[in-house]
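Report on the structure
Each chain, letter by letter, is given below.
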Amino acid sequence: MHCIILSIICVIALVSQHCLARPCRDQLVAPLYASSFEASSRYNFLYSANLARLHGGSGWSPAPRDRQPWLQINLLHKYRITAIATQGTFNSYDWVTKYTLLYGDRPDTWTPFVQRGGNSTFSGNWNYYQVKKHNLHYAITAKHLRILPVGWNPAGKIGLRLEVYGCFYDSYVMAFDGDDMVAYRFKRNTMKMLKDVIALNFKTLERDGLLLHGEGPQGDYLTLELVDSKLVMHISLGSSSVHDMTGHTSVTLGNLLDDQHWHYVTLRRYGNYVNLTLDGETASIRCKGDFQYLDLDKELYIGGVMKTDKPHFPDKQNFRGCMENVFYNGVNIIDLAKNKMPQIRFPHRKKKIYYACQDLLLKPMTFAGINNFLQVPGPFRRNRMSVKFKFRSWDATGLLMYANFADNLGSLKMALSEGQVNISIAQPGKKPLEFAAGYRLNDGFWHSVDLVARDNFATVIIDEEEGSPLRINNIFTLRTGDRYFFGGCPKPANGTGCVSDLIAFHGCMQQIYIDSEPVDIDIIMQRRLGRYSQLLLGTCGITDRCTPNLCEHEGKCIQSWDDFICNCDNTGYKGEVCHKSVYKESCEAYRLSGKYYSGNYTIDPDGSGPLKPFVTYCNMQEYKAWSVVRHNREYGTKVTGTSMERPFVGDVQYYNASWGEVSALANGSEYCEQRIQYDCYKSRLLNTPDGHPFGFWIGRNQERHFYWGGSFPGIEKCGCGIAKSCSDARFYCNCDADYRQWSYDKGLLNYVDHLPVMQVVVGDTNRTASEARFTVGPLRCYGDRNTWNTVSFTKTTHMEFPTFRPGTSADISFHFKTTADHGVFVENPGPPYFIRVELNSTTELLFIFSVGDGIINATLKSPTPLNDDQWHFVKAEINVKMARIKVDEQPWVVRRFPSQSYVNLVFTKPLLVGAAEYKMRGFLGCLRGLRMNGVTLNLEGKVNELEGIKYNCSGHCWNTSEVLCRNGGRCVEKYSTYLCDCNETAFDGLYCHKDIGGYFEPGTWLRYSIRSAAITVAAQFANIVDPQSFTLGYNQTSEEIVFSFSTRETPAVLLYISSFTNDYIAVVLKHDGSLDLRYRLGLFINKYTLINRNMADGDPHIVNVTRNEREIRIEVDYMQPIFQSIPLIFDKKFDSPKSLFLGRVLETGVIDPEIQKYNTPGFTGCMSGVKFNNIAPLKAYFRPNQTDPPITIMGELVESNCGAGLVVLPPIPLEIDPWYTGPVFPYIHDDTPSGPVIAVIVMLVLLIVFGTVAALYLYLYHYKGSYHTNEPKAIESPSSVKPLTEEAPRKEQNLPKIQEEDRGE
């Protein structure tokens, strides 16, 4: 029986836990009756308010003349609301594109829901059927909701269906009037807690007040209070006077909390880590000190402290307002108080406590439009004017009130100007009377203005300070008009009498009195009194856009009604939110920017990171710049009386910089060094009996290092130990010999990842006469290893880094070069938010992101290609103001955000470099110097050559000693592969290795026209005077001739280059098969024998002739080169080349007889790879790259490589051949069964085959045996060998005749 009861209890507990743990996502609108819906108006009964349910068959639409429509829902109970969803009217063009959500406990006081960034407007729908859902960034509690449409489809009208999601909310409320307070008694006298969870809701009209307090006997305390309308938490887990440690920690959240709206506070603590959340904004802190437990004594106070002798509360003001659901570690304190439980203690005085919130119905109004105004009537033609109201605003300028006097006597204008209330009384024909009151009234708080005026007298009282009113006594006449305008004048002002050149007031007003009579907002809302435009009645929608402060690096936030700006003066940073540093990262960066003078410079090693810039000395040299940071330990520190138990710890305090800032300098430098010296008199350094050093130094990241100057990391030695020059060979340091004389150990520390030196620890100076002195030199660094952190991507892959957590601003910078036309450089994927920088095309750079309001991009279109295999520098930035991107020196491409935007730079997945998620759109090329928010990503640390990520950026073309492109082809880097550009060669193919040649039939020749006209004398003179500006298009003093041939016929002119003068160049094959080279330059002919043996042997031969000035290099068939020279008395210029001939010369004019005698009958054979400078005539003919190449052919020329020379270069190594896909092997089934298995399978197949044959035979034999026939028995014998053709007639005769049906039937 007990087991059954226990099981039932367990089941109930599990079900209850499941119900409590289920998400707060119930539909709250769908179950409501029609009476819960109310609206300002309706289009007709088919568009009533009760039809505004999600997925309903209609929807709500207001009347066309309704200027400020609203839809209101009574949820009947108080609920916790987490989301809202909307649709347009079913099957129509009616939907809402923007709306505002108001909520409250009553239908006459409203609170606008403000999203992150201070925006109170939700984005709506873009069609009638899709659902647009918003998850609130913090849950609210409400019984009544009101939707205000702000924008709608211009092609239709307002149309709305909606659903609200949440769950039931139990509300336990207690009112505090400044004298009420509650104390919650702990079950034990002292509570020692490792973790706490405290939650409460409050609303108030007061700026100050104590919400919660508890303290312990050992100095622990926890306090939540309002200070100047901000929530402040004070906490201490204990202090220690012995270790000089204080535990007091404070944090401030929010502003303008005196708005009579509910605010939601949650405090979560685990050990010394605390998260304080106010209305969805969380501050995470770590309490000072090393204590983990919070010790509270006896009681926790709510609303105030009952004992006035508490040391922390000499002048604390008790809370005045309402609190709801005050929970302390799961205990509902207000519920206990309401039930008068013994754990609750009240003050001794007898006073009724209210467990309901008595709201003071102030009914404020919000002026939020461009031309907003409120017009109300007033008493007419009185000689006394009395106006009183309260306002709050962030704007420094705006029209507060305007009133015309009766009988055209003038007007009175009250305006906010530079934070003061300016009053101007204008009278016809007279100079206006102007006076001001107040100071800094645009601080966002409520301020009251009380104006009383009559003839010749006016009084203004600001904030009810009656002791110091502003009085004026001037001559003027006053008769009140019948209309008062607040917040602005109607536009246009015709007929209203309100004329002002001031901008409209933006802010809130309440408690307006005219002639001591209050203005009834309810009557105004019913439009039975006055007029108004662009007002939000019943609520104050002011928000603090500077809390939290989005201006970084201590920038000053200055806000207006709908925006803010950052004042970055004296911060060392610039930009919209003071994010970018105005200083360089290092002295090296200054040197590269053109600063060549040594001196003091301000550097910022982490750029836009959190560390501050500091001043250092830059020693500028020709090829490097040293950054020198000095400190307080450069001139020696004397140490005595220390031991290992109580060592001396000497802090190295760097001038103008913290340890973190100096560490950032060292971390980004290529090389750093710091000299360290230990002078000792009977004081040991590293040698100890138990193996622990007596002295050591502490470097970056508070790491201890047990090696000294001149030694290396991981080796517990001094410099003399490395050099084996210590005074005592048994030890590794001079001081370890422990002599009664002065000695020293010194040297350089230059392992950059351990520097700078932050502390020096000395522990062996407590013996008689023992003494030590240590000296640390300045930190000296040069170079920038961040900029040259380079990798190349040769395959589609990516690197993975920890999730990018930039906060509210982000900047990305890097260098890249590529020949690819697309690729993603960096991406932090979602969902729901992501950020990405990519090359979208050869000229488009894309900065694309989704950080709160859909997918947005900023696209840079470069006028020149970005895939030109040159380095390009990219910078991208994003903050709440805008996103922008630039490349090299091109202008920024800016995408500005609307005011009140919020940038949610919160990502959930790892950062990817080199490709998008799932290795999509991979980048092929080189990246270097990738920095994100001032932090350099170590790209080289992620190198993986198997994945296609390599060190540096040498690529294929420069990363090998092999010749990748043959015959002078140009290697073009493609990162994943390479290409050979053969345009400047006479060859073709992937490696420029394929000869292009032809077979010359007898009588065939080719002419290539080089120029159509001779070079004029003026052009030659211009080339001599200014060769940089006027070139001839060819070099007159240098040639290169290369070709190969094979033939058995002689003689022949193999190659001939004519000119418009008598100059020519010829290579001739003489009758005996030898080769000659003929040059005619000017008046003389130069003859050179290339080779004397017979070349007409049918084998291919290669000829290479190169001339530079007067020197000629001749090489035939890769034999030893022959060098010839042109005599000084001969000309060296080859003027005006005209045509190039192959096979035979048919030039107009006179041909040299020496050439003519070899010109007949012409060349017969093969010729290949012909090239004269940059002209390849055979390639131009067989591989034309222009429509009409300058080539003339006579006879039959057939493409052939029969004249190709021998290849002497080795083949392309397989490991660097990008087109090699591996050896081809015959496909072998590695899953073939073993021998016995194969035998069994073969036997089964044979059995099946024979079985099938036997079955067919039996079947056919059985059919034959059942056939009735009258044949003789001898015919049935299987031994009969008579042919069937002979038996067929006999069989046909004996068969019974079968009567067939007539086909006609």
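Residues numbered from 1 in each chain as written. Predicted model: local features only at pLDDT ≥ 70, side-chain atom pairs only at ≥ 80, totals over all residues. Heavy atoms only, no water.

Here the focus is the overall build of the chain. On a plain count of helices and strands, the chain comes out with 13 helices and 85 strands. The burial tally for the chain puts 50% of its 1305 residues in the buried class. Counted over contacts in the chain with a minimum sequence separation of 6, partners at least 24 positions apart contribute 68%. By element, 53% of the accessible surface of the chain is carried by carbon and sulfur atoms, the whole surface being about 65,800 Å². (Helix = DSSP H or I, 4+ residues; strand = E, 2+ residues; numbered from the N terminus. Buried < 20%, exposed > 50% of the residue type's maximum accessible area, 1.4 Å probe, protein only. Contact = heavy atoms within 4.5 Å. Areas by Shrake-Rupley, 256 points an atom, 1.4 Å probe, with all protein chains shown as cover.)

Across eight bridges, strand β4 (residues 96-106) lies against strand β7 (residues 132-152) in antiparallel orientation. Bridge pairing in β7 links leucine 102 to arginine 146. Where β4 lies against strand β6 (residues 121-123), three bridges are found, and the strand directions are antiparallel. Its bridge partner being in β6, lysine 98 is matched across the sheet by serine 123. With three bridges joining them, β4 and strand β5 (residues 109-112) adopt antiparallel strand pairing. The residue of β5 that forms the bridge with tyrosine 103 is threonine 111. From the end of β4 to the start of β5, which pair antiparallel, there are two residues. (Pairing = 2+ DSSP bridges.)

So, on to unusual backbone geometry. Residues leucine 755 and proline 756 are joined by a peptide bond in cis, for which omega reads 10 degrees. Secondary-structure assignment places proline 756 in the loop between β50 (742-749) and β51 (759-762). Note that the residue after threonine 1160, namely proline 1161, is joined by a cis bond; omega there is 5 degrees. Counting through the fold element by element, proline 1161 comes out in the loop between α9 (1153-1156) and β83 (1165-1172). Unusually for a residue other than glycine, asparagine 91 sits at a positive phi of about 55 degrees. Mapping asparagine 91 onto the fold places it in the loop between β3 (71-87) and β4. Asparagine 91 gets classed as exposed once you look at its relative accessible area, which sits at 56%.

A cluster of nonpolar side chains, Ile1238, Val1242, Leu1246 and Phe1250, forms an exposed patch at the surface whose accessible area comes to about 380 Å². Counting through the fold element by element, leucine 1246 comes out in helix α11 (residues 1235-1265). On the basis of relative accessible area, leucine 1246 is assigned to the partly exposed category, the value being 43%. (Patch = residues over 30% accessible without salt bridge, like charges linked within 9 Å, V, L, I, M, F, W, Y side chains within 5 Å. Salt bridge = Lys/Arg side-chain N within 4 Å of Asp/Glu carboxyl O.)

Note on placement: serine 813 falls in strand β56 (residues 810-817). You can call serine 813 buried: its relative accessible area is 12%. Excluding residues within four positions of it along the chain, serine 813 makes contact with Phe873, Val874, Lys875, Gly929, Leu930 and Arg931.

Looking at the chain, the pLDDT average stands at 86 and 88% of residues meet or exceed 70. Note that pLDDT drops below 50 for residues 1-20; the model gives that stretch zero contacts with residues more than four away or on any other chain. Segment residues 1218-1232: pLDDT under 50, and nine contacts once partners within four positions in sequence are set aside and those in other chains are kept. (pLDDT = per-residue confidence, 0-100.)

Right, let's get into the sheet that holds strand β59 (residues 844-850). Reading across the sheet, the six strands line up as β55-β64-β57-β58-β59-β60 and stay open at both edges, with antiparallel pairing between neighbours. Of all the strands in the sheet, the pair left with one neighbour each is β55 (799-801) and β60 (855-861). The sheet shows a mean angle of 15 degrees between the axes of neighbouring strands, taken without regard to direction. (Axes fitted to C-alpha atoms, helices over the stretch in contact; angles between N-to-C directions.)

Quick look at the state of the cysteines now. Between two cysteines, a covalent bond joining their sulfur atoms is known as a disulfide. On inspection of all chains with the given rule, the structure shows 16 disulfides. The disulfide that involves cysteine 508 links it to cysteine 540, with 2.0 Å between the sulfurs. Judged by the sign of its S-S torsion, about 95 degrees, the bond between cysteine 508 and cysteine 540 is right-handed. With cysteine 508 in strand β34 (residues 507-514) and cysteine 540 in the loop between β37 (535-537) and β38 (556-559), this pair connects stretches of sequence that are 32 residues apart. (Disulfide = S-S within 2.5 Å.)

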